[in-house]
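# Geometric and topological summary
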Amino acid sequence: MADKTPAPTADTTPVRDVTDDEVARFRENGWVRLPRLADPAHVALLRDRALEYLAGRSRAVTSTVDRAFGQSRDIAESDGHFRALAFDPRLGRAAVRLLHGVAGVRVQVTNLLIKEPEDGGHGATEFHQDFPWMPMDRSAMLTVWLALADVPADMGSLRFYSGSHRYGVLGRSFARDGDDQLSQHPWLKELELSPPLDLAAGDATVHHALTVHGAAANRRDTPRLSFTVTYFDADALYTGTPYRQTDGLGLAVNEPFEHPKFPVVAPARAGGER
């Protein structure tokens, strides 16, 4: 889809700051719900654009991930509206505050996600951590998961094992059948599982890359739609771990991710000043 509409600037993208209470809950639990993070009217525009992109995605099932949801990766590289949201200084500031001790953040990836109804080919998203696959030398990383349309709990909103981010790297999932985190680490069930969440368009959840999370199948008759942006510590160093997103980019091992694919997001100053 050609991007013919002028994108909003970061100053006009309607995103709110996170509160001190939301920061505290994220640090305690490894995840937090952010009601009305983005203005619903603006989100409606993003939803319409997302549907066009996702309609043209490949539906080939080449991995266990494809059984759980469809995606259109790096969407902010081709669409100015999603780019303005991902680079909004308020989101940069939020990521810096939530991660604690991080001076700045880079965008790792942006993505449009679709979970079709269960009878349309998508099932549950198994419980997993995001970080074990990553080629960064530190785990200061989080993902903002923004609902582009209302996501009732039975549509497959994310659920989280609270406090699981404190237990370090627990291993990879999606490498083979039956390798989800609960199979590998049954003790995780001793932790509190977040309640099923009903999200309105514009609501978001944020989770740490070490937080164990998953989602049930979509039991409604319409697709679940979301936009995600993942941020990581701007000072992280490249480890050289094979990873499709970074292979062949010429990144130097033990050096920062100085590459156009991983731009630094300038956080807004406190009080909304620029």
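Attention here is on the structure that accompanies the text.

Calculation criteria
Numbering of residues starts from 1 in every chain and runs along the sequence as written. Two thresholds apply to this predicted model, a pLDDT of at least 70 for residue-level local features and 80 or more for giving and counting side-chain atom pairs, whereas whole-chain, interface and lining totals are computed over all residues. Hydrogens and waters are ignored; side-chain quantities use all the structure's heavy atoms. Counting from the N terminus, the helices are the DSSP runs of H or I reaching at least four residues and the strands are the DSSP runs of E reaching at least two. Any two residues having at least one pair of non-hydrogen atoms within 4.5 Å are treated as being in contact. Burial here depends on accessible area, computed with a 1.4 Å probe over protein chains only, as a share of the maximum for the residue type. Under 20% is buried, over 50% is exposed, and the range in between is partly exposed. The directions from the helix axis to the C-beta atoms are what the arc is built from. Only Phe, Tyr and Trp rings take part, Trp by its six-membered ring, and two of them pair if their centres are within 6.5 Å. Stacked means planes under 30 degrees apart, edge-to-face means over 60, and tilted covers everything else. Under this definition, polar contacts are N or O atom pairs within 3.5 Å; protein pairs additionally need one hydrogen-donor-capable and one acceptor-capable atom, and for neighbouring residues in sequence, both atoms have to be side-chain atoms. Any two strands with at least two DSSP-identified bridges between them are counted as paired. Axis definition: a line fitted to C-alpha atoms, limited for helices to the stretch in contact. Angles are taken between N-to-C directions and run from 0 to 180 degrees. Within this document, salt bridges are pairs made up of a side-chain nitrogen of Lys or Arg and a carboxyl oxygen of Asp or Glu, the two lying within 4 Å of each other.

We now examine the overall build of the protein. Scanning the protein for helices and strands turns up 5 helices and 10 strands. Summarising the internal contacts of the protein: among those between residues at least 6 apart in sequence, 83% fall at separations of at least 24.

Right, let's get into helix α1 (residues 20-29). Inspection of α1 places E22, V23 and F26 among the buried residues, and these make up the whole buried set. Looking straight down α1, one finds its buried side chains confined to an arc of 100°; they lie on one side. A positive backbone phi angle near 85° is found at G30, which sits one or two residues after α1.

The relative placement of two aromatic rings is captured by the distance of their centres and the angle of their planes. Under the counting rule described, the total for this entry stands at 8 aromatic pairs. Ring geometry for F127 versus Y161: centroids 5.2 Å apart, planes at 65°, classification edge-to-face. Highlighted residues: F127 in strand β4 (residues 125-128) and Y161 in the loop between β6 (158-160) and α5 (181-184), separated in sequence by 34 residues. In this structure F127 comes out as buried when scored by relative accessible area, which is 16%. What makes Y161 buried here is its relative accessible area of 6%.

Moving on, we get to the side chain of R97. Inspection of the secondary structure assignment puts R97 in helix α4 (residues 89-99). A polar atom in the side chain of R97 sits 2.4 Å from the side chain of D20. Beyond its immediate chain neighbours, meaning those up to four positions away, R97 contacts V18, T19, D20, V23 and R27.

We now examine the pairing of strand β7 (residues 204-208). Every regular strand shows the same layout, with side chains that alternate between the two sheet faces. Burial of β7 is extensive: 5 of the 5 residues sit out of reach of the surface. What you see with β7 is no split at all: A204, V206 and H208 on one side and T205 and H207 on the other are buried throughout. In terms of strand pairing, strand β5 (residues 141-147) meets β7 through 5 bridges, oriented antiparallel. Residue pairing in the sheet places V144 in a bridge with V206 of β7.

All right, on to unusual backbone geometry then. With a phi angle near 45°, R36 is a residue other than glycine that sits in the positive phi range. With respect to the secondary-structure elements, R36 resides in the loop between β1 (31-34) and α2 (40-55). Although it is not a glycine, H100 adopts a positive phi angle of roughly 65°. As for its position among the elements, H100 is in the loop between α4 and β3 (105-115).

What follows covers the sheet that holds β6. Taken in spatial order, the 3 strands line up as β4-β8-β6 in an open sheet, and their pairing is antiparallel. Whereas interior strands pair on both sides, the edge strands pair on one side only; in this sheet they are β4 and β6. Averaged over all pairs of adjacent strands, the angle between their axes in this sheet comes to 20°, without regard to strand direction. Pairing of β4 with strand β8 (residues 213-215) involves 2 bridges; the strand directions are antiparallel. Counted as the bridge partner of T125 is A215 from β8.

This part is about the pairing of β5. When you tally the buried positions in β5, you get 7 out of 7 residues, the bulk of the element. Residues M141, T143, W145 and A147 line one face of β5 and the alternating positions L142, V144 and L146 line the opposite face, and both faces are buried. By the bridge criterion, 7 bridges tie β5 to strand β9 (residues 224-233) in an arrangement that is antiparallel. Bridge pairing links A147 to S226 in β9.

One can find P132 in the loop between β4 and β5. Using a relative accessible area of 13% as the deciding quantity, one classes P132 as buried. Taking the C-alpha atoms as reference, P132 lies 8.6 Å from A209; in sequence the two are 77 residues apart. Among residues more than four places away in sequence, those in contact with P132 are V169, G171 and R172.

So, about α4. Burial of α4 is extensive: 10 of the 11 residues sit out of reach of the surface. Among the residues of α4, those classed as buried are P89, R90, L91, G92, A94, A95, V96, R97, L98 and L99. Looking one or two residues beyond α4, the residue adopting positive phi is H100, at roughly 65°.

Before going further, it helps to spend a moment on the pattern of salt bridges. The full count for this structure, using the stated rule, is 15 salt bridges. Ionic pairing is found between E22 and R16, a salt bridge with its closest N-O pair at 2.7 Å. For R16, a relative accessible area of 23% gives the class partly exposed. Here R25 makes a salt bridge to D21, at a shortest N to O gap of 2.9 Å. Note that R25 and D21 are positioned in helix α1 at a spacing of 4 residues, about one turn of the helix.

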